[in-house]
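Working through the structure, step by step
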Amino acid sequence: MSEKESVILVTGGAGYIGSHTVRMLAEQAGRRVVVLDNLVFGHREALISPGVELVEADMADARSVAEVFGRYQVDAVVHFAAFCYVGESVTEPLKYYQNNTAAPLTVLAAMRESGCDKFIFSSTCATYGDPVEVPMSESHPQNPINPYGRSKLMLEQILADCERAYGIRSVRLRYFNACGCSLDGRIGEDHDPETHLIPNVLRAVLGETGPMTVFGTDYPTPDGTCIRDYIHVEDLASAHVRALEYLEGGGATTACNLGTGKGASVREIIEAAERVTGKEVPVRYGERREGDPPELVANAAFARETLDWEAKIVDLDQIIGSAWAWMTGERKGHY
Ligand code: UDP
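None of these values were measured; they are calculated from a predicted model.

1. Describing the sheet that holds strand β9 (residues 227-228)
Pairing is mixed across the open sheet formed by three strands, whose spatial order is β12-β9-β14. On the outer flanks of this sheet lie β12 (264-265) and β14 (295-296), each paired with one strand and no other. Bridge count between β9 and β14: two bridges; the pairing is parallel. Note on β14: the bridge partner recorded for I227 is E295.

Shown next as structure tokens:
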């Protein structure tokens, strides 16, 4: 019998953070990557690296998952596939529990069956809920305030059980605010609908939308607007590569915050966008958005110690510049 080829399986690899990670795994870490993506939100065009294979299927489809595990020796799973709209998770919770919590069980079952024991999970700071202290470390209580956060926390808990029962080790990467686009402008952020601050600011500058709305100016922060920890997508991608290497080196199950450790307010983002674009951002000031805490900033020390990783692209102008370059470039067939 011929030996099966070893691959890294990336679920949701055609999405925003997934596609940047796939590219880094393939082009910088020299890994053979198979992407499992149903292309509901992912983009075929975001898979630009030679040798990356796309299996267009839903991870809930046990037959397709079994087919991948039958054809390849899956050394590790990097799991991104998920819905990510907090507001929608409140009105459609079952959709979130089905896709974010239940569907990955198919993949975990196939891992158990085949003996694959490494899982890297795209989790979120939304698993913490309202901050009781900032910056937030990994030991911060996890009390999510919406179904999105709960759907991710439940998978974290399932992973802990899977380690005890089946020896599947995992790194749960709790992202703060993912942002920016690849520094060479070739792949980027393309959500529909788009709810995130930086693309909304830039779309307003481009005249693609009306003025962007600042959600609340009466928060207890120095300028009255919310503070977030904006972490560049290429830094997120490199953390996944480091997490893979960590598990391959025998590392134990763990959870790491991925952030810069430094916050920026909505007004600071708008000012940076004005510097980068040389244009005024059309703005209107609105009410607070429900569920937005005033400040979310990571304590990123543990990721540094455990994964030997830290954010490198931390200058706001560079971060926003990367998104601007992408949005004003070809966008490679997206939209
Ligand atoms: N925000 C805003 N206007 C927008 C989108 C976002 O004022 O059109 C604010 C939002 O209230 C939050 C911050 O920008 O304080 C980041 O929001 P985003 O949706 O990008 O990420 P989240 O923090 O919800 O994950």
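Let us keep going from here.
2. Quick look at the pairing of strand β6 (residues 169-175)
Extensive coverage of β6 is indicated by the burial of seven of its seven residues. The two faces of β6 match: R169, V171, L173 and Y175 on one face and S170, R172 and R174 on the other face are all buried. As paired strands, strand β5 (residues 118-124) and β6 are joined by seven bridges and run parallel to one another. Of the residues in β6, the one forming a bridge with S123 is R174.

3. Comments concerning the packing of aromatic side chains
Within this structure, the stated rule accounts for four aromatic pairs. A centroid spacing of 6.5 Å and a plane angle of 45° characterise the contact between F119 and F121, whose relative ring orientation is tilted. The class of F119 is buried, set by a relative accessible area of 0%. According to the relative accessible area criterion, F121 is buried, its value standing at 1%. Here the aromatic cluster, defined as three or more aromatic residues joined through ring pairs, consists of F41, F83, Y85 and Y96. Over the face of the ring belonging to F83 we find K95, whose NZ or CZ atom lies 5.1 Å from the ring centre. The side chain of R288 reaches across the aromatic face of Y219, ending 4.0 Å from its centre.

4. Let's talk about the sheet that holds strand β2 (residues 33-37)
Across the sheet, which stays open at both edges, the seven strands sit in the order β3-β2-β1-β4-β5-β6-β11 with parallel pairing between neighbours. Of all strands in the sheet, those with a lone pairing partner are β3 (53-56) and β11 (254-258), marking the two edges. Pairs of neighbouring strands in the sheet enclose a mean axial angle of 20°, with direction left out of account. Sheet topology places β2 next to β3; four bridges connect them, and they run parallel. Bridge pairing links D37 to E56 in β3. Relative to β2, helix α1 (residues 16-27) is tilted by about 165°, and along the sheet it contacts β1 (6-11), β2 and β6. Those strands touched by helix α8 (residues 233-248) are β1, β4 (73-79), β5, β6 and β11, and its axis lies near 160° from that of β6.

The rules behind these values
Counting restarts for each chain, with residues numbered from 1 along the sequence as it is written. At least 70 in pLDDT is required for a residue's local features to be given in this predicted model, at least 80 for side-chain atom pairs to be given and counted, and no such filter applies to totals for whole chains, interfaces and linings, which use all residues. Side-chain numbers come from the whole structure's heavy atoms, not from hydrogens or water. Pairing between strands requires that DSSP locate at least two bridges from one strand to the other. Strands here are runs of E lasting at least two residues and helices are runs of H or I lasting at least four, both read from the DSSP assignment and numbered beginning at the N terminus. Here's how the labels work: a residue is buried when its accessible area is under 20% of the maximum for its type, exposed when over 50%, partly exposed in between, all with a 1.4 Å probe on protein chains only. In summary, the pairing rule links any two rings of Phe, Tyr or Trp, Trp by its six-membered ring, whose centres are within 6.5 Å, and it sorts them by plane angle into stacked for under 30 degrees, edge-to-face for over 60 and tilted for everything else. We call a charge positioned above a ring when the Lys NZ or Arg CZ atom is no farther than 6 Å from the ring centre and deviates by at most 35 degrees from the ring normal. To define axes, lines are fitted to C-alpha atoms, for helices over the stretch in contact only, and angles between the resulting N-to-C directions are given on a 0 to 180 degree scale. By the convention used here, residues are in contact when the closest approach between their heavy atoms is within 4.5 Å.

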